[in-house]
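Listed below, chain by chain, are the residues.
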Amino acid sequence: MGQRPQAARKRIVAFAGEHGWPLFIKPARAGSSIGITKVDDVSGLDEAIEEARRHDPKFLVESLLRGREIECGVLEFEDGPRASAPAEIPPVTSHDFYDFEAKYIDAASGIVPAPLTDEQTAEVQRLAVDAFEAASCEGLVRADFFLTEDGGFVINEINTLPGFTPISMFPRMWQESGVNYPQLVDRLIQAALNRPTGLR
């Protein structure tokens, strides 16, 4: 939302009336869970909006969705995008949600590969590539999903610049898929060199 605070607040309250509390208020163009606030009721809404807008004038509002967090990398090859082995982020019981501290200070570790059935793995890989193509992405993406209690995948977001240290999830998923870190960097360079310049 990039509208006036009172108009935004009114729409959020209406959204909560439809989907229930808690809500998550997050900057639209940020990463690492910076600026995200979990809001349990209307009393915390103004502060959460202010915190999100400290990082971005636009922000997103999301309802709570219960499920397993599954990630999948997508990488551009000569014959098109391909998906990596998926990973799972286990629940972090010491935090209210998977926030900055859980990711980087307590360093919650993902499970690679994710303990999924073959059918679930194939489905999340297909959806990750579909998301890459639907958003006209290039190079790389980490697509984040929730596997809900009814067995369906719901996309949470796509990260067009995911963490890229040797211990980050994107390289770890590709390592599991047979593409080591130097090969991963080389593949991105080759994809960039083969890409035409200008708008497309």
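To start, this report covers the structure provided alongside it. What you are looking at is a predicted structure, and each value in this text was computed from that prediction instead of being measured. Position numbers for residues start from 1 in each chain and track the written sequence from start to end. Since the coordinates come from a predicted model, pLDDT governs what is reported: local features require at least 70, and pairs of side-chain atoms require 80 or more to be given and counted, while whole-chain, interface and lining totals use all residues. Think of the side-chain values as coming from all heavy atoms in the structure, minus any hydrogens and water.

### Quick notes on the overall build of the protein chain
Link 1 in the chain: Looking only at helices and strands, the protein chain has six helices and eight strands in total.
Link 2 in the chain: Listing the helices and strands of the protein chain from first to last along the sequence gives α-β-β-α-β-β-β-β-α-α-β-β-α-α.
Link 3 in the chain: In the protein chain, the share of contacts with a sequence separation of at least 24, taken over all contacts with a separation of at least 6, comes to 58%.
Link 4 in the chain: Every accessible area reported is derived by Shrake-Rupley at a probe size of 1.4 Å, with residue values counting cover from the shown protein chains alone. Per element, the accessible surface of the protein chain, about 11400 Å² overall, is 52% carbon and sulfur. Helix and strand assignments come from DSSP, with helices taken as H or I runs of at least 4 residues and strands as E runs of at least 2, each series counted from the N terminus. In what follows, residue pairs with any heavy atoms lying within 4.5 Å of each other are defined as contacts.

### Points about unusual backbone geometry
Link 1 in the chain: The residue after W21, namely P22, is reached through a cis peptide bond having omega 0°.
Link 2 in the chain: Looking at where P22 falls in the secondary structure, it is placed in the loop between α1 (5-19) and β1 (23-27).
Link 3 in the chain: The amide bond that connects V112 to the next residue, P113, takes the cis arrangement and shows omega of 0°.
Link 4 in the chain: Within the fold, P113 resides in the loop between α3 (100-105) and α4 (118-134).
Link 5 in the chain: Phi at S136 takes a positive value of approximately 55°, unusual for a residue other than glycine.
Link 6 in the chain: On the secondary structure map, S136 appears in the loop between α4 and β7 (140-148).

### Concerning the pattern of salt bridges
Link 1 in the chain: By salt bridge we mean one thing: a side-chain nitrogen of Lys or Arg within 4 Å of a carboxyl oxygen of Asp or Glu. Applying the stated criterion to the full structure yields 14 salt bridges.
Link 2 in the chain: Between K26 and E62 there is a salt bridge, with the nearest N and O atoms lying 3.5 Å from each other. With K26 in strand β1 and E62 in strand β3 (residues 59-63), this pair connects stretches of sequence that are 36 residues apart.
Link 3 in the chain: Throughout, exposure labels follow a simple rule: accessible area from a 1.4 Å probe, protein chains only, divided by the maximum for the residue type, with under 20% read as buried, over 50% as exposed, and the rest as partly exposed. With relative accessibility at 21%, the residue E62 sits in the partly exposed group.
Link 4 in the chain: Between E138 and R195 there is a salt bridge, and its shortest N-O distance comes to 3.5 Å. Highlighted residues: E138 in the loop between α4 and β7 and R195 in the segment after α6 (181-194), separated in sequence by 57 residues.

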